[in-house]
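The residues making up each chain are set out below.
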Amino acid sequence: MKKVEAIIRGNDFDRVKNALKQVGIVPLTAYPVQGRGVQGGVPPYDLLPKMKIEIIVKDRDLEKVVDVIIRNARSGTPGDGKIFILPVEDAIRIRTGERGNEALY
């Protein structure tokens, strides 16, 4: 299992969310964040508003999820965002006690 953390522009969020749903990835967590990349923000703003998406995926779905995010969040200009991929040791569905891949989706 992997954790995908994507920081994208807020106006791309609905498009990314809907595209993920179309490929069968419905569960996600999202929240507004502020940040800056290498360019350091755009004056007069030091930190720019973004959306952060967190998704725990089965290993077999990782590249599909990354591809969907890139296709739907890339404009080709600075500020498109970043994707981070982290290992996940385990997942537990509290309601049923299912563990691992069975606890995801």
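Everything quoted here is computed from the prediction, not taken from an experiment.

Asks: Quick rundown of the pattern of salt bridges? Include the residues and the values.
Replies: Evaluation of the coordinates by the stated rule reveals 12 salt bridges. Residue aspartate 12 pairs with arginine 15 through a salt bridge whose shortest N-O separation is 2.4 Å. A residue is classified by how much of its surface remains accessible, and aspartate 12, at 6% relative accessible area, is buried. Linking lysine 17 and aspartate 14 is a salt bridge whose minimum nitrogen-to-oxygen distance equals 3.6 Å. With lysine 17 and aspartate 14 both in helix α1 (residues 13–22), this residue pair falls three residues apart, about one helical turn.

Asks: How would you sum up the pairing of strand β1 (residues 2–8)? Please name residues and give values.
Replies: Across seven bridges, β1 lies against strand β3 (residues 48–57) in antiparallel orientation. When the sheet's bridge partners are listed, valine 4 is paired in β3 with isoleucine 55. Across seven bridges, the pairing between β1 and strand β4 (residues 81–87) is antiparallel. Residue pairing across strands places alanine 6 opposite isoleucine 83, the latter belonging to β4.

Thresholds, definitions, all that
Sequence order sets the numbering: in each chain, residues are counted from 1 along the sequence as written. In keeping with the model being predicted, local features are shown solely for residues with a pLDDT of at least 70 and side-chain atom pairs are shown and tallied solely at 80 or more, while totals for entire chains, interfaces and linings include all residues. The side-chain figures draw on all heavy atoms in the structure; neither hydrogens nor water molecules are used. Note on definitions: salt bridges are taken to be side-chain nitrogens of Lys or Arg within 4 Å of carboxyl oxygens of Asp or Glu. Only protein chains enter the area calculation, which uses a 1.4 Å probe; residues under 20% of their type maximum are buried, those over 50% are exposed, and those in between are partly exposed. Secondary structure elements are taken from DSSP: a helix is a run of H or I of four residues or more, a strand is a run of E of two residues or more, and numbering for both begins at the N terminus. Strands are treated as partners if at least two bridges between them are detected by DSSP.

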